[in-house]
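Now for the letters of each chain:
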Amino acid sequence: MRRLLLERLVSLVPTLVLATLGIFWLVHLAPGDPAITLAGQNATAQQIATIRDQLGLNQPFLVQYWHWLTHAVSGNLGTSLSTRESVASEIGNALPATLQLVVGALLVAVIAGTVAGVVSARRANTATDAAVATLSSAGAAMPSFWLGLVLVSLFALKAHWFPATGFVSITSNPGQALTYLVLPSIALGASGAAEISRQLRAQLIEILASDHIRTLRAKGLSERRIVWLHALKGATVPMVTIIGLQVRWFLGAVVVVEAVFGIPGLGTLMVGAAQNQDYPVIEGVVLLMAAIVIVVNFAVDVCYRLVDPRIR
Amino acid sequence: MPPACCGGHAGESHASMTAALDVRSLDAYFQTVGGEVQAVRDVSFTVAPGEIVGIVGESGSGKSVTALAIMGLLPAGLSRVSGSAVVGSRDLLGLSPDELVRARGRQISMIFQEPMTALDPLFRIGDQIIETIRANQQVSRRAAADRAVRILTDVGIPDAAGRVRAYPHQLSGGMRQRVMIAIALVSEPAVLIADEPTTALDVTVQAQILELLAELSREHGTAVVLITHDLGVVAETCTRVHTMYAGEIVEECGVDEALSEPKHPYTSGLIQAIPRADKRGQPLYSIPGRVPPLTSMPSGCRFEPRCEHAREVCRAPQPLLQPGGRAVRCCRYAELALPGSFAGIER
Amino acid sequence: MSAVADNGAAAANSVPLLSASELKVDFKLPGAKAPLRAVDGVSFEIGRREIFGLIGESGSGKSTIARAIMQLTPVSSGEVVLGGMRLDRLRGRELRRQRQRVQMVFQDPHDALDPRMTVRQAIEEPLRAGNRGSRADLDDRVTDLLHRVDLDDSYLDRKPHTMSGGQKQRVNIARALALEPELLVCDEAVSSLDVSVRAGIINLLADLQRDLDISVLFISHDLGVVAHLADRIGVLYLGRLAEIAPAGSLLARPRHPYTEALLAAEPEPVPSTRRVSRPPVIAGEMPSAASPPSGCRFRTRCRYVQELCGTQEPPLQRVDRDTLVACHFADKLQLTGRRA
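Bear in mind the structure is a predicted one, so any value in this text is a computation, not a measurement. (Residues numbered from 1 in each chain as written. Chains lettered and ligands numbered in written order. Predicted model: local features only at pLDDT ≥ 70, side-chain atom pairs only at ≥ 80, totals over all residues.)

Draft legend 1. Region of the structure containing the sheet that holds strand S9 (residues 240-245) of chain B. All names here are of chain B. In spatial order, the strands read S6-S7-S8-S3-S9-S10-S11; together these seven strands make up an open sheet with mixed pairing. Pairing within the sheet leaves two strands with one partner each, and these edge strands are strand S6 (108-111) and strand S11 (327-328). Across five bridges, strand S7 (residues 191-195) lies against strand S8 (residues 223-228) in parallel orientation. In the sheet register, Leu192 faces S8, and the bridge partner there is Val224. In this fold helix H2 (residues 63-71) packs onto strand S3 (52-56), S6, S7, S8 and S9, with an angle of close to 145° to the strand it touches most, S7. (Pairing = 2+ DSSP bridges. Helix = DSSP H or I, 4+ residues; strand = E, 2+ residues; numbered from the N terminus. Contact = placed C-beta atoms within 7 Å. Axes fitted to C-alpha atoms, helices over the stretch in contact; angles between N-to-C directions.)

Encoded structure:
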């Protein structure tokens, strides 16, 4: 286990470097000039040039990157080009919302996906199975933003069960926070639920036909125990991989859902920064996201080892 | 001429009084794309407490399907079973799914061929035994844990107290099969079905496992149905043997009789096909042809296409005949003098 | 340490066809420092027109020996000599040329055949690779081989999935014989077949060996099959040979305790009245090849174990004109055989 941790930490560095370098370059390539945006509508060419100088935008791209990297390593992520706030604090403000949303979506995806997967596996090739499969396809096909809009118009604007937009952190007011999280979590997590359900069904069907399950039946165990304890545990290794992939997918889709529901999270922050070519903020968020992905990978690996004794 | 089949089976009159397992007219059908096919037809046999009975046959004989049918382990939507299988005055085939779950492990158990894949790889063997105990009886976890260690010792696993924490992949094939036996017998069922339990094991390990089975059966009075393709195994472990071919029982009698004076050409053919040191240099008898596919079984004797003694009369449906104490599904048995184990061998 | 040469074969037919000397095969295990020695100094000879049986349980190294002889697995040390030529030293084109002198038949008849090739194509393949003659010649040869394995022409255009296990194995044998090998290696070639089908293949192998004058190395865990077919038998335990003897005497009078244990464990399909008494079933299991017992490897399960067995490894020594045994007490022990 220790060796695994070490390996993962070591892989952290090249991954982060590659990710941030890649994004830096892409933003650099994008049309537009942050200096112009900052200078405003009526700025003169002279003013723009001055701002460019101040921000170091005239230097070669790799030099700019190196500056950023050396500062980042010592903990200084710089200041936002648009708001002049420290990038670290901007991210710090935006992070809780995204985290809570992703966790919410994960809960929706895993719980709904597992129940649907188990039910359709146990009743494979029946009407129930077909119904679940149809729902899954629908869930997978629906774009998150569209689903979000539908949910908002139905359950928020029409029925008034939940607020339409906005966000309250769990830490400040748990009860209220939950009402704000329900609809966005469903919007983000629905396609994840569909994917998990589909994959789990396939895994379970295979496992339930295997030799050791037959032994468990011969032992006199109830089908319920066989499915929920043994078969599900057997499916954990492949499913944990799927769930890890889902989390990574969420980090991308979260942008859209935050936009629909007006949640001030990393996605919103990122979109704004991209529009303004606010390099420091973009880099900061990318760094964070890359780190999250690595942590998720590590958690998945740890899970394998916890569940399957043969892998240790 | 001996009387025609009376719908029962050899030894019925006395055995059914005390039989641990009494199977009557078991049929098993499978749903295929082409419709329903019958895999097992009219199988009947009994096993007394403490007795080890063999069912011998090659692939396609229906021996495994018979076992799975009795246990109710055939795939649910795709199969159909009729007949009866009575254990302790309850017909397993008539039980509700819940009652069947309760009967398994407690009244009747089964062990399978591949010890490598038969145990759940993600759980410790001690936990798997404890789980079995607690599924079938009301005992505390503590008591179950103690039972688990004791039964592991009984099945010959060294350092049982330490081994309870092992995972299946840490054990050898022979050890795993012992664990399987422990799991099957820990709730003291009246009947144990062993489906090719030693086929995948080395010969020295096989000998140990067979000896263990015999010993446990003696000690606990467990009735054992031993399914195998190996007549040697049958010879050394069973008292009676049923030969199955193409889904039917074609012969039933004591093991010694089967080996010295088989009455069905298929049984005789199987015996002749076994290579042995004392047959060095002689060609073995190889039964020509193949088992007919389930979808096109002959309506008469199923072995007729491959039998060197076949006559016109064999084309008619063959009932199970019962000449005094044994059973044979061959209308010509009385006229044939079939070679047994010692044909063609210099003494 | 060198073993006394096994020239049981030599005694029968002058120069042996195949000679393996002090064969050692190591496998590198992931994460382990020391390699796993699957075969540890095995020496034996196979004469011309001889069927040599190699018996062992799982973990004995028998399949590794087969692959080492075929040069499918690299030999870590020792020699494999085929008709005077050192096989283990050859590379590239020269190896490929010599390869056709030894052919192999594997355990699983199904896996060995390409499901998309017809029988004709499968048997033809080795012939075409060697550029053996015109189309007509090829066809004749293929048909000839097919008949040799007792299959008729109707099989030529069939695909594997339409055939039974026994028929597939016959095709495999035909294919192995296509290049007219001098030695046929059968690695558990009948183990996955039904009993009645097995008998047919055993008969076939016996006939082929006689008619084609080839030698056969027959590897199996099934004592009955090997005893029926082989002229001489080698018994393997944990990577070393315990005994080499002619089949008849090995069975009637084994000289190594492991051979005795194998014979005692093998169930006999005879009525109880005819069964001879045998020693009790052997205890324990074969230790791991990764950490074999010191001295004699069999000592942890041997009924006759003495102190010497733990300190000194017994060499494979001649005890008789035709028999070699690796046991310190071979001369003193009176072991029980079958059909004495």
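On we go from here.
Draft legend 2. Representation of the packing of helix H8 (residues 173-185) of chain B against helix H9 (residues 203-220) of chain B in the model. All names here are of chain B. Where H8 meets H9, the closest approach of the two axes is 10 Å, and the angle between their N-to-C directions is 15°. Put simply, H8 runs roughly parallel to H9. Pair H8 / H9 crosses with right-handed handedness. Residue-level inspection shows Gly173, Gly174, Gln177, Arg178, Ile181 and Leu185 of H8 in contact with H9, the latter providing Val205, Gln208, Ile209, Leu212, Leu213, Leu216 and His220. (Parallel < 35°, antiparallel > 145°, perpendicular 65-115°, else oblique. Left-handed = near helix turned anticlockwise from the far one by under 90°.)

Draft legend 3. Highlighting the packing of helix H6 (residues 165-177) of chain C against helix H7 (residues 195-212) of chain C. All names here are of chain C. Interaxial distance between H6 and H7 falls to 9 Å at its minimum, and their mutual angle equals 20°. Classified by the angle their axes make, H6 and H7 are roughly parallel. In this structure, the crossing between H6 and H7 has a hand that is right-handed. Residues Gly165, Gly166, Gln169, Arg170 and Ile173 of H6 lie in contact with H7, whose contacting residues are Val197, Gly200, Ile201 and Leu204. Per-class residue counts for the contact of H6 with H7 are four nonpolar, four polar and one charged. (Nonpolar A, V, L, I, M, F, W, Y, C, P; charged D, E, K, R; others polar.)

Draft legend 4. Layout of the domain arrangement of chain A. All names here are of chain A. Assigned domains within chain A: domain 1 (2-59) and domain 2 (94-307). A C-alpha centroid distance of 32 Å is found between domain 1 and domain 2. Across the boundary between the two partners, domain 1 contributes 14 residues, which contact 14 residues of domain 2. Residue assignment for the side of domain 1 that touches domain 2 shows that the elements contributing at least two residues are helix H1 (2-29) and helix H2 (34-39). It is H1 that contributes the most residues to the side of domain 1 that touches domain 2, 10 residues altogether. Considering only residue class, the side of domain 1 that touches domain 2 consists of nine nonpolar, four polar and one charged. (Domains from an automatic or database assignment.)

Draft legend 5. A look at the nonpolar core. If you look at the biggest cluster of nonpolar residues, it comprises 199 residues, and the most contacted ones within it are Leu21, Ala182 and Val225 of chain B together with Phe218 of chain C. Examining the composition of this core, we find that eight residues originate from one element, H8 of chain B, more than from any other. (Core = buried A, V, L, I, M, F, W, Y, C linked by C-beta atoms within 7 Å. Buried ≥ 20, exposed ≤ 12 C-beta atoms within 10 Å, placed from the backbone.)

Draft legend 6. Structural detail: the pairing of strand S3 (residues 51-55) of chain C. Residues and elements named next belong to chain C. Counting buried positions over the five residues of S3 gives five, a clear majority of the element. Because side chains alternate across S3, one face comprises the buried residues Ile51, Gly53 and Ile55, and the other comprises Phe52 and Leu54, equally buried. Inspection of the sheet shows S3 paired to strand S8 (residues 215-220) by five bridges, in the parallel sense. Residue pairing in the sheet places Ile55 in a bridge with Ser220 of S8. Where S3 and strand S9 (residues 232-237) come together, four bridges link them in parallel fashion. Paired with Ile55 across the strands is Val235, a residue of S9.

Draft legend 7. Representation of unusual backbone geometry. Residue and element names in this part refer to chain B. Non-glycine residue Ala246 carries a positive phi angle of around 50°. Here Ala246 shows up in the loop between S9 and strand S10 (248-254). C-beta crowding within 10 Å serves as the criterion here: with 23 such atoms nearby, Ala246 is assigned to the buried category.

Draft legend 8. Layout of the environment of Glu50 of chain C. All names here are of chain C. With respect to the element layout, Glu50 can be found in the loop between strand S2 (36-46) and S3. For Glu50, a count of 23 C-beta atoms within 10 Å corresponds to the buried category. Between the alpha carbons of Glu50 and Gln209 there is a distance of 8.0 Å; along the sequence they are 159 residues apart.

Draft legend 9. Fine view of the confidence of the model for chain C. Summing up the model confidence of chain C, the mean pLDDT is 89 and the portion of residues at 70 or higher is 94%. Scored as a whole, the predicted complex attains pTM 0.87, and scored at its interfaces, ipTM 0.88. (pLDDT = per-residue confidence, 0-100.)

Draft legend 10. Geometry of the interface of chain A and chain B. At the interface, 18 residues of chain A touch 24 residues of chain B. Elements that contribute at least two residues to the side of chain A that touches chain B include exactly helix H9 (211-219) and helix H10 (223-261) of chain A. It is H9 of chain A that provides the largest number of residues to the side of chain A that touches chain B, a total of eight residues. Considered class by class, the residues forming the side of chain A that touches chain B number five nonpolar, six polar and seven charged.

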